[in-house]
Structure formats: structure tokens, C-alpha cells
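Chain and residue survey
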Amino acid sequence: MSSYSVRPATARDAKAIAEIHVAAWQAAYSNLMSEEYLKKMTLEKRLAYWREAIEFSEPQLLVATEGEQVVGFVGFDRSRDAGTKSSVGEIWAIYVAPAHWGNGAGVALWDGAREGLKEEGCKHVTLWVLLRNERALRFCEHAAGFKREMPSLKTVAFDHVKLEEIRLKRIVD
């Protein structure tokens, strides 16, 4: 049983969300991207981004908490992919503080996002994951029930490094 609660993000959560985003990126992508590139994702830049996202609800944001501490977040809304139906939602971002990886916070966030997407009338949901991010793929496929869409594979540049990203999809139920 998870000890995590999920609730809508508030302006007070922006700093914790930004800190988690930076820490999770640095931990998850340390073997995929250069240290120089990872250092470009600063707390200040992420804080500005997440403050605006919370203010305008784009994307919608939920946080996972353990007690009063924010330990993860998920951003979701309609799909940003060109040509998708309005009934397709997207997980824009889902990150958990590395100290809480594998403990249920991600599943709690996914459950909250799924409920939010259902309320918005979404029938399907997608998300993009770096193909070499094995931990994220395991979570998405095994814990959250997503399936890979092989034709969706695309190459994304992160500074001088090119990585493949794949879209995953599932029914919102």
C-alpha cells in the first residue's frame, strides 16, 4: 500500500517541482546526456517554467506527497502531437525524486493523471520516453500499462547528442 497522497499542484509547490525535475533529470539521464548539457537545466529555469504552468494550468499538474513533502509530479493535458484527436491526452511530464523511485509515487501520480484525463473526456493517453531510459520504459510498460508505438520512433537532439524517443499509448480506463 502506498504512503503517497496526490493532489493538484499550487503555487507553493513550484520550487519543489523544479527541484525534483532537475534532480530526476540529472539522475535519470546521467548516462545518456553530457554533464555539460544536464547542468543547463537549472533550478531557476525550471522554477520559472513550473510557476507559469501552475498559474495557467497548462499542463494540469498534480503532486505526490509523503506527509507534507512533495516527492513527485505529473503534468498532463490534451496531446500536443499534430493530427491527434481531441480525445487523446498526453502525459507531458512525470518525475519522482530519486530517493522515492520504485516506492509507488509514480503509480500514484499516474492514477491521478488517469482520473484527470478521464474527467476531460480522453479515451487514450500517450507519452514520449527516451528509448534508452530503461527505468522509465519499465515503469510505463509494467506499472502503468502503456504499449510502444514503434512507427512513432523519432530522433531528438540534446545539444550534440542525438537520442531516440518513442511514443507509448494506452486506453484511459
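Just so you know, these numbers come straight off a predicted model, no measurement behind them. (Residues numbered from 1 in each chain as written. Predicted model: local features only at pLDDT ≥ 70, side-chain atom pairs only at ≥ 80, totals over all residues. Heavy atoms only, no water.)

**Notes on helix H4 (residues 105-119)**
With 15 residues, H4 extends 21 Å between its outermost C-alpha atoms, agreeing within 8% with the 21 Å of an ideal straight helix rising 1.5 Å per residue. Those residues of H4 that fall on the buried side of the exposure criterion are Ala105, Gly106, Ala108, Leu109, Trp110, Gly112, Ala113, Arg114, Gly116 and Leu117. Gly121 sits one or two positions beyond H4 and adopts a positive phi of about 90°. (Helix = DSSP H or I, 4+ residues; strand = E, 2+ residues; numbered from the N terminus. Expected span 1.5 Å × (residues − 1). Buried < 20%, exposed > 50% of the residue type's maximum accessible area, 1.4 Å probe, protein only.)

**Some remarks on the layout of surface pockets**
A volume near 980 Å³ is recorded for the largest pocket. Around the largest pocket, the lining is made up of 40 residues, and of these Tyr29, Ala93, Ile94, Tyr95 and Ala136 lie nearest the centre. Among the elements that line the lining of the largest pocket, the one with the most residues is strand S4 (residues 88-96), at 7 residues. Among the residues forming the lining of the largest pocket, the class breakdown is 27 nonpolar, 7 polar and 6 charged. (1 Å grid on protein atoms, 1.4 Å probe; cavity = no way out; pocket = protein on both sides within 12 Å on 5 of 7 lines; lining within 4 Å. Points joined across faces, edges and corners; volume = space filled by probe spheres on them. Nonpolar A, V, L, I, M, F, W, Y, C, P; charged D, E, K, R; others polar.)

**Here we look at the pairing of S4**
Remark: a regular strand shows side chains that alternate across the two faces of the sheet. S4 sits mainly inside the fold: 8 of its 9 residues count as buried. Relative to S4, strand S3 (residues 69-78) runs antiparallel, the two sharing 7 bridges. Residue pairing in the sheet places Gly75 in a bridge with Ala93 of S4. Pairing between S4 and strand S5 (residues 124-130): 3 bridges, direction parallel. Paired with Gly89 across the strands is Val125, a residue of S5. (Pairing = 2+ DSSP bridges.)

**Here we look at the sheet that holds strand S7 (residues 161-171)**
Judged by pairing direction, the sheet is mixed, and its 7 strands sit side by side in the order S1-S2-S3-S4-S5-S7-S6 without closing on themselves. The open sheet is flanked by strand S1 (5-8) and strand S6 (147-158), the only strands paired with a single partner. Taking the axes of each pair of neighbouring strands and ignoring which way they run, one obtains an average angle of 30° across the sheet. In the packing of H4 onto the sheet, contacts are made with S1, strand S2 (60-66), S3, S4, S5 and S7, and the angle to S4 comes to roughly 155°. (Axes fitted to C-alpha atoms, helices over the stretch in contact; angles between N-to-C directions. Contact = heavy atoms within 4.5 Å.)

**What to know about the environment of Gly102**
Position of Gly102 among the secondary structure elements: in the loop between S4 and H4. Here the alpha-carbon distance between Gly102 and Arg135, two residues 33 residues apart in the chain, equals 9.5 Å.

**Some words on the packing of aromatic side chains**
Taken as a whole and judged by the stated rule, the model has 8 aromatic pairs. A centroid spacing of 6.2 Å and a plane angle of 65° characterise the contact between Trp25 and Phe158, whose relative ring orientation is edge-to-face. You can see Trp25 sitting in helix H1 (residues 14-28) and its partner Phe158 sitting in strand S6, a full 133 residues away along the chain. The residues Trp25 and Phe158 share a single accessibility class, namely buried. Look at Tyr49 and Trp50: their rings are 4.7 Å apart centre to centre, the planes differ by 90°, and that puts the pair in the edge-to-face class. (Phe/Tyr/Trp six-rings, centres within 6.5 Å; stacked < 30°, edge-to-face > 60°.)

**Overview of the pairing of S5**
The buried count for S5 comes to 6 of 7 residues, which makes it a mostly enclosed element. The parallel pair S4 and S5, bridged by H4, forms a crossover whose chirality is right-handed. Pairing of S5 with S7, which is carried by 7 bridges, proceeds in the antiparallel orientation. Looking across to S7, one finds that Leu130 is bridged to Glu165. (Right-handed = clockwise from strand over helix to strand, strands pointing away.)

**Things to note about the nonpolar core**
Trp25, Met33 and Phe73 are the most contacted members of the largest nonpolar core, which totals 28 residues. Those elements that provide at least two residues to this core are H1, helix H2 (35-39), helix H3 (43-56), S2, S3 and S4. The biggest single contributor to this core is H1, with 7 residues. Not counting residues up to four positions away in its chain, the partners in contact with Phe73 are Ile17, Ile20, His21, Trp50, Leu61, Leu62, Val63, Ala93, Ile94, Tyr95 and Leu109. (Core = buried A, V, L, I, M, F, W, Y, C linked by side-chain atoms within 4.5 Å.)

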